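Each chain, written out:
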Amino acid sequence: MHANGSLQLENLSRSFGQTGVKGLDLEIPPGQGFSLLGPSGCGKTTTLRLIGGFERPDSGRLLHGGADITGLPPQKRDIRTVFQRYALFPHLTVSENIAFGLRMQKREESALQKKVEWGLDLLEIGPLRSRSVQQLSGGEQQRVALARALVTEPSVLLLDEPLAALDLKLRERMQLELLSLRKKLGTTFIFVTHDQGEAMMLSDRIAVMRAGKIEQVGTPEEVYKRPRSRFVAEFVGQANFFDQGGQWWMARPEQCRAHSLSWTASADSLALKVLVTEAAFLGGHHLLKCRGSGGSTYLLKAPGHENPPAKVGTEIQLACERKDLWTVGAS
């Protein structure tokens, strides 16, 4: 693990009129997988650019390994960035692209070539070494961009929506490979994503952002099971909300069950009558969309190996145990 891979953001702000980030305080230990998660315009990419040195803060400071790097340009930081569009050089081969950062560091040629070979081997792209990057698929380009960043041995690697351009199956495979790579190298990985599933898979901790501020920081399990606000509950997965005496409570769709109208709920359960309006089989689970008497929408998930819990057009009782409810603030 890199001893100097820790990061501290202290009251960091950067304004672009109505957008930007405001007073960010964040601590990321060395070797951690950390995701900045949120909708478009929430400030996550601005935060990444501040860490990478591509933006200067209006106020606050950034510490790396305990040293203040707020005023350092990108090339003076032990931090590398893999951009969403990879930013590869089309006139260079795969090997030449990987070597580029090392040449900028003025590495001795024999040592440089050894690191290039290491990068080709690490990302399993040795057979592509002499190809133009224009001949590569999206997944292959992504591997080249990762190799180019990693051969310089940064203590922190920033990844800005690194898998967004890939198709679903390749994206899922690359998620597993990134997870394995991070654990193998001990480098601090910081991801920017709007995909909550990706953030939960790749991260030890997640910062959920909204309107330039951090709504919640926690482990994937914490932000999913114990969201601090309705915004976090809605953004990180799907959620059902129940108004109980002026207080909003939440249950995830997989915590809800379908029962017949004749079923009697116990004191330990919350139940309401709903109409099933849509039903879908998604392989691992059945998904029901239901409408309550007041027009509210509810979702219910049941295991895919079971029979469908109800048909479209039928009325059921949607129930969940009170121990599974989590409060998300006043209504």
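Heads up: the structure comes first, above all this text.
Here is a short report on the structure shown in this document. The structure presented is a predicted model; accordingly, all values stated were derived computationally and were not measured.

Here we come to helix α1 (residues 44-52). Burial analysis of α1 places seven of its nine residues in the buried class, the great majority of the element. All buried positions along α1 are accounted for by K44, T46, T47, L48, L50, I51 and G52. Just downstream of α1 lies G53, where phi reads positive at about 90 degrees.

On to the packing of helix α4 (residues 138-150) against helix α5 (residues 168-185). The contact between α4 and α5 brings their axes to 12 Å, and the two run at 15 degrees. It follows that α4 is roughly parallel to α5 by the angle criterion. At the point where α4 passes α5, the crossing takes the right-handed sense. For the pair α4 and α5, the contacting residues are G139, Q142, R143, L146 and L150 in the first and L170, R173, M174, E177, L178, L181 and L185 in the second. When its residues are assigned to classes, the contact of α4 with α5 shows seven nonpolar, two polar and three charged.

Quick look at the pattern of salt bridges now. Overall, the coordinates contain 17 salt bridges when judged by the stated rule. For R14, the salt bridge is made with E55, and the minimal N-O distance between the two is 3.4 Å. With R14 in strand β1 (residues 7-16) and E55 in the loop between α1 and β4 (59-64), this pair connects stretches of sequence that are 41 residues apart. Exposure remark for E55: the relative accessible area of 16% places this residue in the buried category. Among the charged side chains, a network of salt bridges with common partners joins R14, R49, E55 and D58.

Our next topic: the pairing of strand β14 (residues 269-281). Here β14 runs beside strand β17 (residues 315-321); their pairing, made up of seven bridges, is antiparallel. Looking at the pairing, L270 lines up with C320 of β17. Of the strand pairs in this sheet, β14 and strand β15 (residues 285-292) are connected by seven bridges, and their pairing is antiparallel. In the strand pairing of β15, V274 is matched with G292.

With that out of the way, let us pick up the packing of aromatic side chains. Aromatic rings in a pair are described by how distant their centres are and how their planes are angled relative to each other. Scanning the model with the defined rule gives five aromatic pairs in all. Considering the side-chain rings of F89 and F100, the 4.5 Å spacing of their centres and the 50 degrees angle between planes classify their relative orientation as tilted. Here F100 lies in helix α2 (residues 94-104) and F89 lies in the loop between β6 (79-82) and α2, a separation of 11 residues in the sequence. Arranged with centres 5.9 Å apart and planes meeting at 15 degrees, the rings of F231 and F235 form a pair that is stacked. Residue F231 and its partner F235 are located together in helix α8 (residues 230-235), separated by four residues, close to a single helical turn. In this structure F231 comes out as buried when scored by relative accessible area, which is 17%. Here F235 falls in the partly exposed class, since its relative accessible area comes to 21%. Across the ring face of F241, the terminal group of R230 is positioned such that the distance to the ring centre comes to 4.0 Å. Over the aromatic face of W248 sits the side chain of R230, whose NZ or CZ is 4.6 Å from the ring centroid.

The rules behind each value
- Residues numbered from 1 in each chain as written.
- Predicted model: local features only at pLDDT ≥ 70, side-chain atom pairs only at ≥ 80, totals over all residues.
- Heavy atoms only, no water.
- Buried < 20%, exposed > 50% of the residue type's maximum accessible area, 1.4 Å probe, protein only.
- Helix = DSSP H or I, 4+ residues; strand = E, 2+ residues; numbered from the N terminus.
- Axes fitted to C-alpha atoms, helices over the stretch in contact; angles between N-to-C directions.
- Parallel < 35°, antiparallel > 145°, perpendicular 65-115°, else oblique.
- Left-handed = near helix turned anticlockwise from the far one by under 90°.
- Contact = heavy atoms within 4.5 Å.
- Nonpolar A, V, L, I, M, F, W, Y, C, P; charged D, E, K, R; others polar.
- Salt bridge = Lys/Arg side-chain N within 4 Å of Asp/Glu carboxyl O.
- Pairing = 2+ DSSP bridges.
- Phe/Tyr/Trp six-rings, centres within 6.5 Å; stacked < 30°, edge-to-face > 60°.
- Lys NZ or Arg CZ within 6 Å of the ring centre and 35° of its normal.

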